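Secondary and tertiary structure notes
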Amino acid sequence: MTTRKQIVALLYCLILGVFCTRVYSQSPVLKRTVSDILPFMSLQRDPLTRLLPVVVNEKCGFIDHEGKIVVEPQFDSCHDFSDGRAVVMVGSKTVVINENGQIVFEPKFRLYGHKFSDGLISVCSRSDTCAPIGYLDKEGRMAIQPQFSTGFPFSEGRALISVDSRWGYIDKKGRTVIPPKFLRASPFSNGLAQVHTIENTAEWRGPRWFYIDKSGKIVRSQRPREPAMLVNGFAPSKWNGMDWTLIDETGEVVFHPQFDTDQIRSEEHTSELQSRSD
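These lines cover the structure that appears in this document, whether it is placed above or below. This one's a predicted model, so the numbers in the text were calculated from it and none came from an experiment.

So, the state of the cysteines
In this structure the tally under the stated criterion is 2 disulfides. One disulfide in the model links Cys60 with Cys78; its S-S distance is 2.0 Å. Its S-S torsion of approximately 85 degrees makes the covalent link between Cys60 and Cys78 right-handed. Highlighted residues: Cys60 in strand E3 (residues 59-63) and Cys78 in strand E5 (residues 77-78), separated in sequence by 18 residues.

Remarks on the packing of aromatic side chains
Aromatic ring pairs are described here by two measures, namely the spacing of the ring centres and the angle between the planes. In this structure the tally under the stated criterion is 5 aromatic pairs. Where Phe152 meets Trp167, the ring centres are 5.7 Å apart and the plane angle is 45 degrees; that geometry is what we call tilted. Taken as a pair, Phe152 in strand E12 (residues 150-155) and Trp167 in strand E14 (residues 166-170) lie far apart in primary sequence, 15 residues in all. The two residues Phe152 and Trp167 agree in class, both being buried. Here Tyr169 and Phe188 contribute two aromatic rings whose centre-to-centre distance is 4.9 Å and whose plane-to-plane angle is 65 degrees, an arrangement assigned as edge-to-face. On the criterion of sequence distance, the pair formed by Tyr169 in strand E14 and Phe188 in the loop between strand E16 (184-185) and strand E17 (193-197) is long-range, its members being 19 residues apart. Owing to a relative accessible area of 1%, Tyr169 belongs among the buried residues under this scheme. The exposure class assigned to Phe188 is buried, which follows from its relative accessible area of 2%. Clustering of aromatic rings is evident, with ring pairs tying together Tyr135, Phe148 and Phe154.

Focus on the environment of Lys93
Mapping Lys93 onto the fold places it in strand E7 (residues 93-97). Taking C-alpha positions, Lys93 is 9.2 Å from Pro107, a pair spaced 14 residues apart along the chain. Residues within four places of Lys93 in sequence aside, it is in contact with Val88 and Glu106.

Side note on the nonpolar core
Ranked by internal contacts, the top residues of the largest apolar core, which has 13 residues, are Tyr169, Val195 and Ile212. At the level of elements, E14, strand E15 (176-182), E17 and strand E18 (208-212) are the ones that each hand at least two residues to this core. The next biggest cluster of nonpolar side chains, apart from the first, holds 12 residues, and it includes Val71, Phe81, Val88 and Val95.

Points about the pattern of salt bridges
Inspection of every chain in the model, using the stated rule, returns 8 salt bridges. Linking Glu99 and Arg50 is a salt bridge whose minimum nitrogen-to-oxygen distance equals 3.3 Å. Of this pair, Glu99 sits in the loop between E7 and strand E8 (103-105) while Arg50 sits in the loop between strand E1 (36-37) and strand E2 (52-56); the two residues are 49 residues apart in sequence, bridging distant segments of the chain. The exposure class assigned to Glu99 is partly exposed, which follows from its relative accessible area of 25%. Using a relative accessible area of 38% as the deciding quantity, one classes Arg50 as partly exposed. Between Lys115 and Asp80 there is a salt bridge, with the nearest N and O atoms lying 3.5 Å from each other. In this pair, Lys115 is assigned in the loop between E8 and strand E9 (121-124) and Asp80 in the loop between E5 and strand E6 (86-90), connecting sequence segments 35 residues apart. What makes Lys115 partly exposed here is its relative accessible area of 30%. Using a relative accessible area of 5% as the deciding quantity, one classes Asp80 as buried.

About the thresholds
Residues numbered from 1 in each chain as written. Predicted model: local features only at pLDDT ≥ 70, side-chain atom pairs only at ≥ 80, totals over all residues. Heavy atoms only, no water. Disulfide = S-S within 2.5 Å. Helix = DSSP H or I, 4+ residues; strand = E, 2+ residues; numbered from the N terminus. Phe/Tyr/Trp six-rings, centres within 6.5 Å; stacked < 30°, edge-to-face > 60°. Buried < 20%, exposed > 50% of the residue type's maximum accessible area, 1.4 Å probe, protein only. Contact = heavy atoms within 4.5 Å. Core = buried A, V, L, I, M, F, W, Y, C linked by side-chain atoms within 4.5 Å. Salt bridge = Lys/Arg side-chain N within 4 Å of Asp/Glu carboxyl O.

This is the structure in structure tokens:
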């Protein structure tokens, strides 16, 4: 005779679309084969990512978009793939693998970044203080020699770096394209980045925030209470401490003030950089 517990369990399975061949009254809770997709995967930000990290029986591996396991779960920690590489951990050892699950290289020092961007990833050069920081290529070779206090992932061909508590930008060759002179800064997005300076010159008229292009040229100055990066070509901005506006990548207002709420904000902003630079 079917028990009430078995009926409830069967209904639960049918609702979730899960096929159950047998339900035991001693085991009313079904064990999932794939327990979770790791929360730091970037499927929404990078729709071209072919593999996604998953956890199976407390080990992580990678599946494709159809749910097929491509890299067998064998690692203790996994970051998502980018540029055909993923940073994973086996015990306390960090290694970089390719999309076949093969180890490409084991970093000599701790990786500062967690994923490749534009074919590069930031790496420490010391085991105690980490800095100076350089960048490795996809084969583990030092592509940009260690020389920075902080080195963030590349974005649109530029990487945000700091030297002596000032922020600037380098290209993929390691050349300084915008000298470190800003108190705070953000990565490039939609061709622009936000920087904050206290310089009081004819050009910069500090202290305030500015939008700059990839050459370092000022596009527009602003005084938002909470600076925000451009997302899909637009960014919220609070001008003169008053009303919220929406600006485009040229700095022009495309949405005129009509709200007095603080709920308009970008998903990506510079608070992380501010906290690290303070």
